[in-house]
Every structure is written in structure tokens, then in C-alpha cells.
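Here is what each chain is made of, one letter per residue.
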Amino acid sequence: MRRFVLIAIPYLWLLALFLVPFAIVLKISLSDAAIARPPYFPQFDWAAGIRAFISELDFENYIFLTQDDLYWKAYLSSVKIALISTALTLLVGYPIAYGMARAPQEWRATLMMLVILPFWTSFLIRVYAWMGILSNEGYLNQFLMWTGLISEPLTILNTQTAVYIGIVYTYLPFMILPIYSALDRLDGSLIEAAEDLGCSRAQAFWLVTIPLSRPGIIAGCFLVMIPVIGEFVIPSLLGGSGTLMIGKVLWEEFFSNRDWPVASAVAIVLLLILVIPIVLFQRNQQKQAEAEQ
């Protein structure tokens, strides 16, 4: 009975907070937009029965997504921005995590606090702060002009460069923490053994440290890439109207166009884009684990 309760709690949580909302959104995506009525129809009618209700559902919204260039371009743009942002975050985050793992033990808690510290401030306030830094009259342009590096302000705000800066800054802790966790558990004697066998420090890093920290790298990449694909606030505030991401399109369909069925179809496709690679990766990891055994 105790084992059943322990297993049932997470399954009930998954059912209530994922499967049921997913089923509702899936049903709305198969519906049609309604004018001067509830946002969509059909609505379930006990008198008509479930068969009549199901017969009114269709895949018109998904067909519409394939016919309109806006949606598939938004998906491709979101995936591209997410991949580049994840790579940039990894390039910045790995050295920081490595330095934290190699720091003296008494300093690690302080360094960890400094990484987590931005979460104590509202996410929206931090993004607004970057608007003040990156604008034409912002602190960055003022500093560069004061040093004489530039003679006129750089246009950074409302470009994809600003989007990448905002994403890397915002999601950097999600990359640092899992990599730091993997490096912190790394046995230092393995590096010493590699150096005793003739490896230089650089060779030992690439041949020992990087492979053993791969679980942290993979976890950090997933923690960054998955939310970035559906990001809405950063591209809206820092990227302006010229940045096309599926999160902005989804928001406009829900709140500007009031087309709930199309917006739900966009959300379902976005979920599939995120879930399918994760499932395939997990299966590949399981096969590798079984082969090693």
C-alpha cells in the first residue's frame, strides 16, 4: 500500500497538471472559431451525445498551419534562435561552472549564491533593465562613446543580438548549475592519472573532464533550449517586431486575434517539437546503458 501511494502521487500530479490540460488544448485545436459565442465550438451537449460531438471535430487548424508561411517560419526561427542561444550559453556557462568546481571549498557556497542571485529579482524587471542598457541612449552606448571606441550609438535594441544577450543572461544559471553539479562530483585522481600517463593539462581536460561532465552539459542544454523555443517576453521587449518566434505568434493568436483553435494547434505542434527529441534522446540513452551492461 505504501508503494502504491508513493507511485500514485506523482501520477495524479501528472494527470491533473499535464494530461488533463493537454486533452483540453487538443480538443480546442480540433474545434472551430466562433463569433459572438464562446471562443470555439462545438461545446459538448449531453442531449446530442458524444458521437455527435466527436463528429464535429476536424483537423482544419493543423492544415491551416501548413498552408500559412508565417507559422512554419516562426517554428524554424524559434528553433534556430534556441540552438544558437543554447550554444552561446554553454560557451559562457561551462568556464564559470568549471571555475566554481575548482574553487576552494569555502568559496563555493558564495559563488553558488552569486549565480542564483538574479532569481531574487523579477524576471520582467531584469529584461526591462536590459532595455535601458542596450538602447541608443543606454549605458552601453554611453560607455563605448565615452571610451572613444565608437563615434555614434550602436543599434542593438530591437535586433536579434539583443535577443541573444537577453536569453544568455536570463538562462545562464540553468546551464551553470547542472554542469557544476557534474564537475563537482568529478574524481580529481582521474585527471592526475591522465597526466601521469602523458597527457597535458589541455589533453586531460578534453579527454577526461569534458566526457565525464557530458550529463551536466546535456541537462543544461535541455533546460535552456526547451523554454527558449517558446519564449515570449524577451523577443517582444528586446527583439521588437522584427524578431519572429512562435511564442509571439501564439500570444497574438490568443489575445489579439482571439482565435483559440488555431492558437491551440500552434501550442500542440510546439509541444511535439519539444517532446519528440527528448523521447528519442532518452531511448538512445537507455540503449547505450543496456549495451554497456
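A quick note: this is a predicted structure, and the numbers were derived from the prediction, not measured. (Residues numbered from 1 in each chain as written. Predicted model: local features only at pLDDT ≥ 70, side-chain atom pairs only at ≥ 80, totals over all residues. Heavy atoms only, no water.)

Visitor: Help me out: how do you make sense of unusual backbone geometry in this one?
Guide: What you tend to see is this: most non-glycine residues have negative phi, and most peptide bonds are trans. P42 follows F41 through a cis peptide bond whose omega is 15 degrees. Among the secondary structure elements, P42 is positioned in the loop between β2 (40-41) and α2 (50-55). With a phi close to 65 degrees, N158 is a non-glycine residue in the positive phi region. By the secondary structure assignment, N158 is in the loop between α7 (139-147) and α8 (160-184). For R258, which is not a glycine, the phi torsion comes out positive at approximately 60 degrees. Of note, R258 is situated in the loop between α13 (246-256) and α14 (260-292). (Helix = DSSP H or I, 4+ residues; strand = E, 2+ residues; numbered from the N terminus.)

Visitor: In this structure, what is going on with the UniProt feature "domain: ABC transmembrane type-1" (unreviewed entry) in the protein? I would like to understand it.
Guide: Taking the UniProt record as the reference, the feature "domain: ABC transmembrane type-1" (unreviewed entry) is found at residues 75-281. Helix makes up 79% of residues 75-281 and strand 0%, and the two end C-alpha atoms of the span are 21 Å apart. (UniProt positions renumbered as here; feature names shortened; annotations may be inferred.)

Visitor: What's the story with the packing of helix α4 (residues 69-102) against α13 in this structure? I'm lost.
Guide: The description of two helices packed together rests on the angle between their axes and the distance between the axes. Their axes nearest at 8 Å, the elements α4 and α13 cross at an angle of 140 degrees. As judged from the angle between their axes, α4 and α13 are oblique. Where α4 abuts α13, its residues Y71, A74, Y75 and S78 lie against I246, V249 and E253. Considered class by class, the residues forming the contact of α4 with α13 number five nonpolar, one polar and one charged. (Axes fitted to C-alpha atoms, helices over the stretch in contact; angles between N-to-C directions. Parallel < 35°, antiparallel > 145°, perpendicular 65-115°, else oblique. Contact = heavy atoms within 4.5 Å. Nonpolar A, V, L, I, M, F, W, Y, C, P; charged D, E, K, R; others polar.)

Visitor: Honestly, the UniProt feature "transmembrane region" (unreviewed entry) in the protein in this entry has me stumped. Any pointers?
Guide: When the UniProt feature table is mapped onto this chain numbering, "transmembrane region" (unreviewed entry) sits at residues 74-97, 109-131, 162-183, 204-229 and 260-281. Here residues 74-97 runs as 100% helix and 0% strand, with 33 Å between its end C-alpha atoms.

Visitor: Just checking my understanding: could you explain helix α10 (residues 201-212) for this structure?
Guide: Because an α-helix completes one turn every 3.6 residues, residues spaced three or four positions apart along the sequence face the same direction. Taking 1.5 Å as the rise per residue, α10 with twelve residues should run 16 Å; its terminal C-alpha atoms sit 15 Å apart, in good agreement. Within the span of α10, buried status applies to A204, V208 and T209. Along α10, the residues classed as buried sweep out an arc of 85 degrees about the axis, all on the same side. Opposite the buried face of α10, by more than 90 degrees, sit the exposed residues W206 and L207. (Expected span 1.5 Å × (residues − 1). Buried < 20%, exposed > 50% of the residue type's maximum accessible area, 1.4 Å probe, protein only. Arc of directions from axis to C-beta.)

Visitor: Is there a simple way to explain the side chain of T86 in this structure?
Guide: When you line up the elements, T86 lands in helix α4. Here T86 falls in the buried class, since its relative accessible area comes to 7%. Sequence-distant contacts of T86, defined by excluding residues within four places in its chain, comprise M175, C221, V224 and M225.

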